[in-house]
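The residues making up each chain are set out below.
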Amino acid sequence: MADVSPIDVQKALKGAEYPASADDLVSLARNNGAADEVVERLRSSGTKRYDGPDDVQKALFSGGDGS
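Thresholds applied
- Residues numbered from 1 in each chain as written.
- Predicted model: local features only at pLDDT ≥ 70, side-chain atom pairs only at ≥ 80, totals over all residues.
- Heavy atoms only, no water.
- Axes fitted to C-alpha atoms, helices over the stretch in contact; angles between N-to-C directions.
- Helix = DSSP H or I, 4+ residues; strand = E, 2+ residues; numbered from the N terminus.
- Parallel < 35°, antiparallel > 145°, perpendicular 65-115°, else oblique.
- Contact = heavy atoms within 4.5 Å.
- Nonpolar A, V, L, I, M, F, W, Y, C, P; charged D, E, K, R; others polar.
- Buried < 20%, exposed > 50% of the residue type's maximum accessible area, 1.4 Å probe, protein only.
- Arc of directions from axis to C-beta.
- Salt bridge = Lys/Arg side-chain N within 4 Å of Asp/Glu carboxyl O.

### Remarks on the packing of helix 2 (residues 22-31) against helix 3 (residues 36-43)
Argument step 1. For the pair helix 2 and helix 3, interaxial distance at closest approach is 9 Å and the crossing angle is 175°. The angle between the axes of helix 2 and helix 3 places the two elements in the roughly antiparallel class. Judged by residue contacts, Leu25, Val26, Ala29 and Arg30 of helix 2 engage Val39, Leu42 and Arg43 from helix 3.
Argument step 2. Grouping the constituent residues of the contact of helix 2 with helix 3 by class yields five nonpolar, no polar and two charged.

Dropping the structure here:
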């Protein structure tokens, strides 16, 4: 999978309201024009709910499941 940076994720999730489900964040990322790699990383993180941006970063870049 191509490299995805935390900055890419922040841009993709601009305007997110938390707590949010993974499906909500995937939809938001798509609507924000995120790269396919970012969308796939969100979809495949295994996390079902995020309480805030820190949870997203942990799940995507630390291997935590955050569920």
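### Structural notes on helix 2
Argument step 1. Every buried residue of helix 2 is listed here: Ala22, Leu25, Val26, Leu28 and Ala29. One side of helix 2 holds all its buried residues, which, seen down the axis, span an arc of 165°. Among the exposed residues of helix 2, those pointing more than 90 degrees away from its buried face are Asp23 and Asn31.
Argument step 2. Packing partners of the buried residues in helix 2 comprise helix 1 (6-12), strand 1 (20-21), helix 3, strand 2 (49-50) and helix 4 (53-61).
Argument step 3. Trailing helix 2 by a residue or two, Gly33 shows a phi angle of about 75°, which is positive.

### Overview of the pattern of salt bridges
Argument step 1. Taken as a whole and assessed by the stated rule, the structure comprises two salt bridges.
Argument step 2. The partner of Arg43 in a salt bridge is Glu40, and the shortest N-O contact between them spans 3.2 Å. Pair noted here: Arg43 and Glu40 are both in helix 3, with a separation of three residues, about one helical turn.
Argument step 3. Looking at Arg43, the relative accessible area reads 45%, which means it is partly exposed.
Argument step 4. As a salt-bridge pair, Asp51 and Arg49 come within 3.0 Å of each other at their nearest N and O atoms.

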